[in-house]
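# Structural features, examined
Listed below are the residues making up each chain.
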Amino acid sequence: ASITPGVTNINLGSVSTAVDAKQISIHGSRVTEAIVLVDGFSLAHPGGQGGSAIVLLPSPLVAQEVTVQTSGASAEYQNAGAITNLIPMEGSNRFKSSFYGAFANDKLVSDNLSPELKAFGANANGLQKLWDVNLALGGPIQRDRLWFFSAVRNSAIATTLTGISPNLTPTAWTYTPDTSKPATSRVDDNDLSGRLTWQAAREHKISFYIARTPHIV
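Since we're looking at a predicted model, the values are computed, not measured. (Residues numbered from 1 in each chain as written. Predicted model: local features only at pLDDT ≥ 70, side-chain atom pairs only at ≥ 80, totals over all residues. Heavy atoms only, no water.)

### Overview of the confidence of the model for the protein chain
Taken over all residues, the pLDDT of the protein chain has a mean of 81, while the share at 70 or more is 84%. Per-element mean pLDDT across the protein chain ranges from 67 in strand 1 (residues 7-10) up to 93 in strand 7 (residues 96-105). Predicted confidence is poor over residues 12-16, with pLDDT under 50, and the contacts of this stretch with residues over four places away or in other chains come to ten contacts. (pLDDT = per-residue confidence, 0-100. Helix = DSSP H or I, 4+ residues; strand = E, 2+ residues; numbered from the N terminus. Contact = heavy atoms within 4.5 Å.)

Shown next as C-alpha cells:
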C-alpha cells in the first residue's frame, strides 16, 4: 500500500515500536480513521477513536489474503481512512505446516553518532534484539466436511531510548540517572489463533475464527 498514490506510512522503518505495528494514512486522513476487518467483520469498538480501536497483530502465516481499499468505499463505512480486510487461512483435505522466522540484534545495525556526540553522553534509538517465530498447521478433521487451521507466534523487539537513562534509585523520591547506559524498552506481540471451517451444504460454508494476540509493553 505504501506505493499507492496518496498513501503515507506511519512508523515506517522505526525500531521504537512493535515488530510490525505500521499504520497507513490515505489522502491526509488520520490513522485512527482506518478500518480494520477480519473476514469482513470490523474490529472497532466504542472505546477507541475513529475506526481502528483494537490492536491485532496476528502471525503472518494466518493471512490467506489481505485487501486494502483506499477509495470508492460504500456508505456502510463511515470513516475516511483506508479499509484493510484480513481473510484468515483455512484448512484443507491435506495436512500442511509452515514456519517463518526472523532475527536481528545490535551487531546487525549501525548508527550515525560521532565520537564527539557520544562523549557528551548522547545515545540514539537503536535495536538491541528482535525476533519473530511463527508456526502454522492445518488439515482435515473430517474429509470434505470439516477442516482446521491454527497458528502460533512469539515475537518481541527490545530497543534503547534516546536521551533517557535508567534510574539508579527507583524507590527514592528523586531521580538519579545511570549515565553509563541508556534506558531500554521492550514490546512483545504474540499470537495464538485457530479457525474451523464446516461445509454444511454444497453451497454453504460456516467458519469460526478465534485469536488471542496480547500486546505487552
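### Brief notes about unusual backbone geometry
Glycine aside, the phi torsion of most residues is negative, and most peptide linkages are trans. In this structure, Asp-39 takes a positive phi of about 55° despite not being glycine. The residue Asp-39 is located in the loop between strand 3 (35-38) and strand 4 (41-42) in this model. Since its relative accessible area comes to 35%, Asp-39 is described here as partly exposed. Positive phi, close to 65°, is recorded for Asp-144, a residue that is not glycine. With respect to the secondary-structure elements, Asp-144 resides in the loop between strand 8 (126-142) and strand 9 (146-160). (Buried < 20%, exposed > 50% of the residue type's maximum accessible area, 1.4 Å probe, protein only.)

### So, a nonpolar patch on the surface
Together, Phe-99, Val-133, Leu-135, Val-152 and Leu-192 give the surface a local cluster of nonpolar side chains, amounting to about 480 Å² of exposed area. Tracing the chain through its elements places Phe-99 in strand 7. Accessibility expressed as a relative area gives 59% for Phe-99, which makes it exposed. (Patch = residues over 30% accessible without salt bridge, like charges linked within 9 Å, V, L, I, M, F, W, Y side chains within 5 Å. Areas by Shrake-Rupley, 256 points an atom, 1.4 Å probe, with all protein chains shown as cover. Salt bridge = Lys/Arg side-chain N within 4 Å of Asp/Glu carboxyl O.)

### Quick look at the environment of Lys-129
With respect to the helices, strands and loops of the structure, Lys-129 is situated in strand 8. Filtering out sequence-adjacent residues up to four positions away, Lys-129 remains in contact with Phe-103, Ala-104, Asn-105, Ala-156, Ile-157 and Ala-158.

### Points about the sheet that holds strand 5 (residues 63-69)
Whether parallel or antiparallel, the strands of a sheet pair through hydrogen bonds between backbone atoms. Spatially, four strands are ordered 4-3-6-5 in an open sheet, and the strand pairing comes out mixed. One side of each edge strand has no neighbouring strand; the edge strands of this open sheet are strand 4 and strand 5. Judged from the six bridges that link them, strand 5 and strand 6 (residues 83-88) form a sheet pairing that is antiparallel. Bridged to Val-66 within strand 6 is Leu-86. (Pairing = 2+ DSSP bridges.)

### Description of the side chain of Asp-188
With respect to the element layout, Asp-188 can be found in strand 10 (residues 184-201). Among the polar contacts listed, one links the side chain of Asp-188 to the side chain of Arg-186, at a separation of 2.9 Å. Other than its neighbours up to four places away in sequence, Asp-188 contacts Ser-155, Ala-156, Pro-214, His-215 and Ile-216. (Polar contact = N/O pair within 3.5 Å; in protein donor to acceptor, adjacent residues only side chain to side chain.)

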